[in-house]
Amino acid sequence: MTDQGSTIPTPVFDEEHAPVLVGGSVSARRFMVGGATLVMGRAGMVIIVEAADSPARSGVWSAEEVRLIGPAPAPVAERLMGSPWAGDESSLPIHIAVRLGGEALYLGTAKVSRAGISDGVLTDCTLRFEAPLSRQLLNRVRPPLPAVDLPGLGWLGNVNDDRSAALQQFITGWYRDADTTEPPATCAPSHLPAGLRQLYRLAKQRPEALGTQNSILPESELHTDHLGEMLVFGVENQGGFFWSLLWTLDGPEADPTVWFREFDEKPIAEQEPLSGFLIQFSLFEASMSADYRALPRRLTAAQVARLTEALHLVPLRPFWPWAPTHFYVAPGLVVHVSSGNSEEFNVRAGASHRSALAPLADLPVDWIRFDG
């Protein structure tokens, strides 16, 4: 049984087929990793997951990916990632199957595409199917779940009326409270503008609000630039550019201009002042760090119009001088559209729940990644 979509009674698969796929039952070893059963032998590996949809457990993630959630035992890590003493074992086939009631459904083979390590332990591993799953097959092995409490759009109406309220409503709706006993901060250094003070208050309970792709520096790491003229408060993840405010001893402006600077180039003003910039920064980070994401190849203007026609445009001027970016939203969904020097656009979508990507599922778009 090696055809994608083939089913067989689970006991027969476990006792007969899995040993054959890994090269015989004599040398086969079994492990559990995040709810998945792994069978390893001299000829390959079989990963058997449950039919479910949970980011915290091993399982089929999308039509292209299956994920293992560790920690994984050392022999599993060595097989998946390779080791000096394991020879070429990391190139052996990896077979994927899913348990459905009393049957095992075979999904084909996959290859490791990414692995996470912490303190020398394999914490997670993403494998890509060599033959992607059809939508019908995907819905069998990763049953779609209804959305529960998607973040709403109440904040959108405040974007140009009360930006402080809009920022708070978006962040508290998108991010859960952290599991901490530290009370929310009630004040912040008076030399900072009100927008930054508010963001730091919100980040006490929701640290992700400071960003995961790019980041707003913690208060303790704020610093002036080499000329002592600008207060650097935001940085790109690889240090390629930063955001700053004009630094004076006279106290902060109520809503200062944000300056973008790449390396030693001349600073460029963001089109929105700090109040609008922080909303845009938060939307960008939400789209980049969401559990569920969609990434198409570069799109034409007509394709962008089709993709965003059912979404709401956030009424702010373009973000980020490097690649001017607009934002479109729906409940539980943030899409950013960036233009460059060509007639094509870079688009990314992030969702708080898999179902929020549903409006994009049937579009005629070539997806590099689609978690819906």
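For the structure given in this document, a descriptive report is provided here. Keep in mind the model is a prediction, meaning the values are calculated, not measured.

A closer look at the nonpolar core
L196, I216, F233, W243, F277, L283 and V314 are the most contacted members of the largest nonpolar core, which has 47 residues in total. Those residues in contact with I216 that lie beyond four places of it in its chain are L196, L199, Y200, L210, F233, G234, F277 and F281. Counting 30 residues, the second largest nonpolar core, distinct from the first, contains M45, V49, L68 and I96.

Comments concerning unusual backbone geometry
Outside of glycine, negative phi angles account for most residues, and trans bonds account for most peptide bonds. The residue after G70, namely P71, is reached through a cis peptide bond having omega 10°. Tracing the backbone through its elements, the reader meets P71 in the loop between β6 (65–69) and α2 (74–81). Of note, the phi angle at D119 is positive, near 55°, even though the residue is not glycine. When you line up the elements, D119 lands in the loop between β8 (103–118) and β9 (121–129). Judged by its relative accessible area of 80%, D119 falls in the exposed class. The backbone of W320 sits at a positive phi, close to 75°, despite the residue not being glycine. In this structure, W320 sits in the loop between β17 (312–313) and β18 (325–330). Under the relative-accessibility criterion, W320 is labelled buried at 16%.

Side note on the pattern of salt bridges
Summed over all chains, the structure comprises 14 salt bridges. By sharing partners, the salt bridges in this structure join D14, E50 and R99 into a single network.

A look at helix α6 (residues 274–289)
For α6, built from 16 residues, the straight-helix expectation of 22 Å at 1.5 Å per residue is met to within 8% by its first-to-last C-alpha distance of 22 Å. Of all 16 residues in α6, 15 are buried, a share of seventy percent or more.

Regarding empty space enclosed by the protein
All told, the structure shown has 1 cavity of 30 Å³ or more when counted by the stated rule. In this structure, the largest cavity spans a volume of roughly 70 Å³. As for the largest cavity, its lining consists of A52, D53, S54, P55, R57, S58, G59, V60, W61, R67 and R354.

Quick look at the packing of aromatic side chains
Per the counting criterion, the structure on display carries 20 aromatic pairs. Ring geometry for F241 and W322: centres 4.8 Å apart, planes at 75°, overall edge-to-face. Of this pair, F241 sits in strand β13 (residues 241–246) while W322 sits in the loop between β17 and β18, and the two are 81 residues apart along the sequence. Assessed through its relative accessible area of 2%, F241 is described here as buried. Among the aromatic residues, those joined into a cluster by ring pairs are F233, F241, W243, F260, F277, F281, F284, F319, W320, W322 and F327.

A closer look at the layout of surface pockets
In this model, the largest pocket occupies a volume close to 720 Å³. Taken together, 21 residues line the largest pocket, and the ones lying closest to its centre are W174, R176, D291, Y292 and S352. Here the lining of the largest pocket gets 3 residues from one element, more than from any other, and that element is helix α4 (residues 163–174). Of the residues belonging to the lining of the largest pocket, the class tally is 10 nonpolar, 6 polar and 5 charged. Within this model, the second largest pocket holds a volume of roughly 220 Å³. Considering the residues around the second largest pocket, the lining is formed by 19 residues, among which F284, M288, W320, H336 and R348 are closest to the centre.

Section: the sheet that holds strand β19 (residues 333–339)
Strand order across the open sheet formed by 6 strands is β17-β18-β19-β20-β16-β21, with antiparallel pairing between neighbours. Unpaired on one side and paired on the other, β17 and β21 (367–370) mark the two borders of the sheet. As paired strands, strand β16 (residues 292–296) and strand β20 (residues 345–351) are joined by 3 bridges and run antiparallel to one another. By the bridge assignment for β20, R293 is matched with G350.

What counts, and at which threshold
- Residues numbered from 1 in each chain as written.
- Predicted model: local features only at pLDDT ≥ 70, side-chain atom pairs only at ≥ 80, totals over all residues.
- Heavy atoms only, no water.
- Core = buried A, V, L, I, M, F, W, Y, C linked by side-chain atoms within 4.5 Å.
- Buried < 20%, exposed > 50% of the residue type's maximum accessible area, 1.4 Å probe, protein only.
- Contact = heavy atoms within 4.5 Å.
- Helix = DSSP H or I, 4+ residues; strand = E, 2+ residues; numbered from the N terminus.
- Salt bridge = Lys/Arg side-chain N within 4 Å of Asp/Glu carboxyl O.
- Expected span 1.5 Å × (residues − 1).
- 1 Å grid on protein atoms, 1.4 Å probe; cavity = no way out; pocket = protein on both sides within 12 Å on 5 of 7 lines; lining within 4 Å.
- Points joined across faces, edges and corners; volume = space filled by probe spheres on them.
- Phe/Tyr/Trp six-rings, centres within 6.5 Å; stacked < 30°, edge-to-face > 60°.
- Nonpolar A, V, L, I, M, F, W, Y, C, P; charged D, E, K, R; others polar.
- Pairing = 2+ DSSP bridges.

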